[in-house]
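So you can see what is in the structure, the chains are spelled out below.
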Amino acid sequence: MTSAGRFAPSPSGELHVGNLRTAILAWLFARSTGRSFLLRVEDLDRARAGAEAVQLRDLAAIGVDWDGAVVRQTARGALYEEAIGRLQSAGLTYECFCTRREIQEAPSAPHAPQGAYPGTCRNLEPAELEYKRSTRPAAIRLRADVAEFTVRDVLHGAYTGVVDDFVLRRNDGVTAYNLAVVVDDAEQGIDQVVRGDDLLPSTPRQAYLASLLNIPVPEYAHVPLVVNSDGVRLAKRDGAVTLGDLDAAGVPVGEVRNLLLASLGLPPGTLSQALGAFHPAELPTAPWTWKGVVNNR
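In what follows, the accompanying structure is described. Nothing here was measured: the structure is a model prediction, and the numbers come from that model.

Describing the overall build of the protein chain
Here comes step 1: Tallying secondary structure elements over the protein chain gives 11 helices and 12 strands in all.
Here comes step 2: In terms of overall size, the protein chain behaves like a compact globule, its C-alpha atoms giving a radius of gyration of 21 Å where 297 residues would be expected to give roughly 19 Å.
Here comes step 3: Its C-alpha atoms put the protein chain at 65 × 40 × 35 Å along the principal axes.
Here comes step 4: Taken across its 297 residues, the protein chain has 48% of its residues classed as buried.
Here comes step 5: Entry remark: accessible area of the protein chain is about 13900 Å², with carbon and sulfur atoms responsible for 51%.
Here comes step 6: Considering the protein chain, the positive charge centre built from 30 side chains and the negative charge centre built from 35 side chains are found 2 Å apart.

Points about the sheet that holds strand S4 (residues 93-96)
Here comes step 1: Across the sheet, 3 strands lie side by side as S4-S5-S8; this open sheet has antiparallel pairing. Strands with a single pairing partner mark the edges of an open sheet, and in this sheet they are S4 and strand S8 (167-169). Here the average twist between neighbouring strands, direction ignored, is 45 degrees.
Here comes step 2: Bridging between S4 and strand S5 (residues 139-142) involves 4 bridges; their strand directions are antiparallel.

Some details on the packing of aromatic side chains
To describe a pair of aromatic rings, one takes the distance between the centres and the angle between the planes.
Here comes step 1: Here the structure, examined in full by the defined rule, presents 3 aromatic pairs.
Here comes step 2: Between phenylalanine 149 and tyrosine 208, the ring centres sit 5.7 Å apart and the planes meet at 55 degrees, which makes this aromatic pair tilted. Within this pair, whereas phenylalanine 149 is found in strand S6 (residues 148-153), its partner tyrosine 208 is found in helix H7 (residues 203-212), the two being separated by 59 residues in sequence.
Here comes step 3: Tyrosine 208 gets classed as buried once you look at its relative accessible area, which sits at 5%.
Here comes step 4: Their ring planes at 75 degrees and their centres at 5.9 Å tell us that tryptophan 288 and tryptophan 290 sit as a pair that is edge-to-face.
Here comes step 5: Owing to a relative accessible area of 4%, tryptophan 290 belongs among the buried residues under this scheme.
Here comes step 6: Lying over the aromatic face of tyrosine 117, arginine 141 brings its terminal NZ or CZ to 3.6 Å of the ring centre.

Examining the pairing of S5
Here comes step 1: Residues Ala139 and Arg141 of S5 are buried on one face, and the alternating residues Ile140 and Leu142, pointing to the opposite face, are buried as well.
Here comes step 2: When S5 meets S8, the two strands line up antiparallel, connected through 2 bridges. Residue pairing in the sheet places arginine 141 in a bridge with valine 167 of S8.

Observations regarding the sheet that holds strand S1 (residues 4-7)
Think of a sheet as strands paired side by side through backbone hydrogen bonds, with each pair either parallel or antiparallel.
Here comes step 1: What the 3 strands build is an open sheet, ordered S1-S2-S3; its pairing is parallel. A strand with exactly one partner marks an edge of an open sheet, and here the two such strands are S1 and strand S3 (71-72).

Points about H7
Here comes step 1: The buried count for H7 comes to 8 of 10 residues, which makes it a mostly enclosed element.
Here comes step 2: The set of residues buried in H7 consists of Thr203, Pro204, Arg205, Gln206, Ala207, Tyr208, Leu209 and Ala210.
Here comes step 3: Following H7 by one or two positions, asparagine 214 has its phi on the positive side, about 60 degrees.

Comments concerning the packing of helix H6 (residues 177-187) against H7
Here comes step 1: Look at H6 against H7: their axes get within 9 Å of each other, and the N-to-C directions meet at 55 degrees. Taken as axis vectors, H6 and H7 run oblique relative to one another. Between H6 and H7 the crossing geometry is right-handed. Across from Tyr177, Asn178, Leu179, Val181 and Val182 in H6, the residues of H7 making contact are Arg205, Gln206, Leu209 and Ala210.
Here comes step 2: Of the residues in the contact of H6 with H7, the class split is 6 nonpolar, 2 polar and 1 charged.

A closer look at the pairing of strand S7 (residues 157-162)
Here comes step 1: Sheet analysis places S6 next to S7, joined by 6 bridges and oriented antiparallel. Residue aspartate 153 lies in a different strand from S7, and its bridge partner there is glycine 157.
Here comes step 2: Adjacent in sequence and paired antiparallel, S6 and S7 are bridged by 3 residues.

What about the environment of leucine 92?
Here comes step 1: Relative to the elements of secondary structure, leucine 92 occurs in the loop between helix H3 (77-89) and S4.
Here comes step 2: Put simply, leucine 92 and aspartate 145 are 53 residues apart on the chain and 8.8 Å apart in space, counted from C-alpha to C-alpha.
Here comes step 3: With near-sequence residues (within four places) excluded, leucine 92 lies in contact with Leu87, Arg141, Leu142, Arg143, Asp145 and Leu212.

Some thoughts on helix H9 (residues 253-263)
Here comes step 1: Where H9 is concerned, the buried positions are Val256, Arg257, Leu259, Leu260, Leu261 and Ser263.
Here comes step 2: Just beyond H9, the residue with positive phi is glycine 265, at close to 75 degrees.

A few points about unusual backbone geometry
Here comes step 1: Here asparagine 214, not a glycine, exhibits a phi torsion of approximately 60 degrees, which is positive.
Here comes step 2: Mapped onto the elements of the fold, asparagine 214 is located in the loop between H7 and strand S10 (219-223).
Here comes step 3: Asparagine 214 sits in the exposed class, given a relative accessible area of 68%.

Cut-offs used in this document
- Residues numbered from 1 in each chain as written.
- Predicted model: local features only at pLDDT ≥ 70, side-chain atom pairs only at ≥ 80, totals over all residues.
- Heavy atoms only, no water.
- Helix = DSSP H or I, 4+ residues; strand = E, 2+ residues; numbered from the N terminus.
- Rg over C-alpha atoms; globule rule 2.2 N^0.38 Å.
- Buried < 20%, exposed > 50% of the residue type's maximum accessible area, 1.4 Å probe, protein only.
- Areas by Shrake-Rupley, 256 points an atom, 1.4 Å probe, with all protein chains shown as cover.
- Lys, Arg positive; Asp, Glu negative; His and termini not counted.
- Charge placed at Lys NZ, Arg CZ, Asp CG, Glu CD.
- Pairing = 2+ DSSP bridges.
- Axes fitted to C-alpha atoms, helices over the stretch in contact; angles between N-to-C directions.
- Phe/Tyr/Trp six-rings, centres within 6.5 Å; stacked < 30°, edge-to-face > 60°.
- Lys NZ or Arg CZ within 6 Å of the ring centre and 35° of its normal.
- Parallel < 35°, antiparallel > 145°, perpendicular 65-115°, else oblique.
- Left-handed = near helix turned anticlockwise from the far one by under 90°.
- Contact = heavy atoms within 4.5 Å.
- Nonpolar A, V, L, I, M, F, W, Y, C, P; charged D, E, K, R; others polar.

This is how it looks when you write it as structure tokens:
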């Protein structure tokens, strides 16, 4: 299978300039290494009517193209269930009946981050398990045999993070992100994952899960985010931050692309023109502050 990179947005709304900057970086990483570039819509539980079409339109407008058909997670349930079945057969899962509030209020292991699962349902007695089954549907959790796992990242080097008994399938039947993304990347031949560095803490969980499923761990590159003037990750509430909003403010898509390329130390023009000047080792390592249309022009 051909090696590939990817961009995988959730169709929860329009892409903002931070999302578009990450998409450009994912495209540059893939194209500069001779990989295919794939687009996957992660629509398991955050889809908004019409959002996907707008996202695809804006990616094409900014110059991001992709190979092959767009893949949607909602069409891939059989793959996720097969992976969960393999883990269940190996004794690597268990049923969990905890609510989110119970998890937040439970004491956690030393050094574990807030919200890490404390193992409440890990070793339920048969009678207790049967009772809990009668009270509410169960989520399926991984029975992890490690407390942490180390991954290598192109930009961050070795990164060690907590691995807890994370959810594989929610109690409403929806496959959890950490399982779906591992299965999707493997099935699509994706061996390079470029995404925002806010996802770095969850990466050891995903790499560990890949090892349990005998899936090769991809090359990771977690890139700095775009933030607002308060240093907070950029969001739609920060004003004109989508291509539609910026176009309405008189900023054409070519100018937006040039702003994003300049923020990466790359020359203006098309993405293909920027490709020749792209060197991962020269990328900025700090978040880029979006100061609004006027100040960025």
